[in-house]
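# Structural overview
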Amino acid sequence: MTSEKEIIARLGDLPSLPTVAARINAEIESDAMSAKLLGAIISEDSSLTARILRLANSAFYGMPRQIASIERAVMVLGFDTVKNLALSLSIFSFFKAGKSPAIDVTGLWNHSLGVAVSARALIRRTNPKLAEQAFLLGILHDIGKVVLVSQALADLERVARLIQEGLSQGEAEVQVFGFTHQRLGALLAKEWKFPDCFASGVKLHHDLPPETNGLDEQTAQLTRALGVANQLAKALLLGVSTNPVRAPIPSLLWSYLGIGRESLPAMSAEIRDDYQKILRAWNME
Ligand SMILES: [Fe+2]
Ligand SMILES: [Fe+2]
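Residues numbered from 1 in each chain as written. Chains lettered and ligands numbered in written order. Predicted model: local features only at pLDDT ≥ 70, side-chain atom pairs only at ≥ 80, totals over all residues. Heavy atoms only, no water.

A word on the coordination of the iron ion (ligand 2). Distances from the iron ion (ligand 2) to its protein donors, H111 (NE2), H141 (NE2), D142 (OD) and N230 (OD1), fall at 2.2 to 2.3 Å. Given four donor atoms and angles of 83 to 173° at the metal, the environment of the iron ion (ligand 2) is assigned as irregular. We note that the donor set of the iron ion (ligand 2) lies within a single chain, spaced as H-x29-H-D-x87-N. A gap of 3.6 Å separates the iron ion (ligand 2) and the iron ion (ligand 1), which D142 links by coordinating each metal. In this pair, D142 sits in the loop between α8 (131-140) and α9 (143-151) while N230 sits in helix α14 (residues 217-235), placing the two residues 88 residues apart along the sequence. Here D142 and N230 have matching classes, each one buried. (Donors = N, O, S within 2.8 Å, 3.2 Å for Na, K, Ca; no water. Tetrahedral: all angles 85-135°; square planar, octahedral: opposite > 155°, others 65-115°. Helix = DSSP H or I, 4+ residues; strand = E, 2+ residues; numbered from the N terminus. Buried < 20%, exposed > 50% of the residue type's maximum accessible area, 1.4 Å probe, protein only.)

Now the structure itself:
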């Protein structure tokens, strides 16, 4: 199997996370983060501040009154939501920069929004504390593909052709690159200092069910929710994945998530509604 060093050598340098997001992750990693510090870091960037406030005031969050400052946003939406909006906007910058006639990057971003709202809805029933992390994981899960658009587009087009010829996405990626987009994504999550659960979730998002031995319970829950959300977003036609093939979701995964067949129609309707709202909010970006 290709080592992490070989992946980096194949791609040249890995891209870095935008400054504000890198600072947020570094402060969290060193345990120095607080609501006050988060507000201060974001407020130094006036354009990011304005974009966060625009999203915070969108129908997706449904706040009854206008949120006029980052401090207020942290108070009413919570630290995690505001932090994750800042990180999501940073990840979005890679999608915005990735242009290709062969790969629908906007569709892939919309797919990521679909996976984010699906993962959030799936985990909210059993562990609402993980809802915001699940959302961010959805935003991040296909980042490997997006980085390949900017760093190895011609090869990515070869992958697309091999998939059309009948190879699975994983087989095609390994044949062309020697690694999958989920491995590259996990490496980026690690390099960018996201907490460990993000690298695990990204790495395992096509494994249904994922091998959760050795993972802590929260990471296992997030990883399962992400894998299901990725397929659910495709089933509900939320955005456009570069790999439209849908993998079946084992019933074991539904039961881990505490979701019975009878609750699926209502949950799907809720996810569709969330998706329309979040799409409108992010379309202004
Ligand atoms: Fe993927
Ligand atoms: Fe995906």
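Picking up where we left off.
On to a nonpolar patch on the surface, then. On the surface, M63, M75 and V76 cluster together into a nonpolar patch covering about 260 Å² of accessible area. Topologically, M63 is positioned in the loop between α4 (46-56) and α5 (70-77). (Patch = residues over 30% accessible without salt bridge, like charges linked within 9 Å, V, L, I, M, F, W, Y side chains within 5 Å. Areas by Shrake-Rupley, 256 points an atom, 1.4 Å probe, with all protein chains shown as cover. Salt bridge = Lys/Arg side-chain N within 4 Å of Asp/Glu carboxyl O.)

Time to look at the coordination of the iron ion (ligand 1). Around the iron ion (ligand 1), the donor atoms from the protein are D142 (OD), H181 (NE2), H205 (NE2) and H206 (NE2), and they sit 2.2 to 2.3 Å away. Every donor counted, the four donor atoms about the iron ion (ligand 1) form angles of 85 to 177° at the centre, which fits irregular coordination. Mapped onto the polypeptide sequence, the residues donating to the iron ion (ligand 1) form the spacing pattern D-x38-H-x23-H-H.

Formed by 98 residues in total, the largest nonpolar core has its most connected members in I143 and F194. In terms of residues, this core owes the most to one element, helix α7 (residues 105-124), which gives eleven residues. (Core = buried A, V, L, I, M, F, W, Y, C linked by side-chain atoms within 4.5 Å.)

This part is about the confidence of the model for the chain. Fine structural detail should not be taken from predicted coordinates in areas where pLDDT scores are low. Scored by pLDDT, the chain comes out at a mean of 94, with 100% of its residues at no less than 70. Per-element mean pLDDT across the chain ranges from 83 in helix α1 (residues 4-11) up to 98 in α8. (pLDDT = per-residue confidence, 0-100.)

Moving on to the packing of helix α3 (residues 35-43) against helix α6 (residues 79-97). Running from amino to carboxyl end, α3 crosses α6 at an angle of 25°, the nearest separation of the two axes being 11 Å. Here α6 runs roughly parallel to α3, going by the angle between their axes. The crossing of α3 and α6 is left-handed. Contacts between α3 and α6 involve A35, L38 and I42 on the former and, on the latter, F79, V82, K83 and A86. Residue composition of the contact of α3 with α6, grouped by class: six nonpolar, no polar and one charged. (Axes fitted to C-alpha atoms, helices over the stretch in contact; angles between N-to-C directions. Parallel < 35°, antiparallel > 145°, perpendicular 65-115°, else oblique. Left-handed = near helix turned anticlockwise from the far one by under 90°. Contact = heavy atoms within 4.5 Å. Nonpolar A, V, L, I, M, F, W, Y, C, P; charged D, E, K, R; others polar.)

Omega for the bond connecting L208 with P209 falls within 30 degrees of zero, at -5°, which places this linkage in the cis form. Within the element layout of this structure, P209 appears in the loop between α13 (196-203) and α14. For D31, which is not glycine, the phi torsion reads 70° and is therefore positive. Residue position: D31 is located in the loop between α2 (19-29) and α3. One non-glycine residue, K193, adopts positive backbone phi at about 60°.

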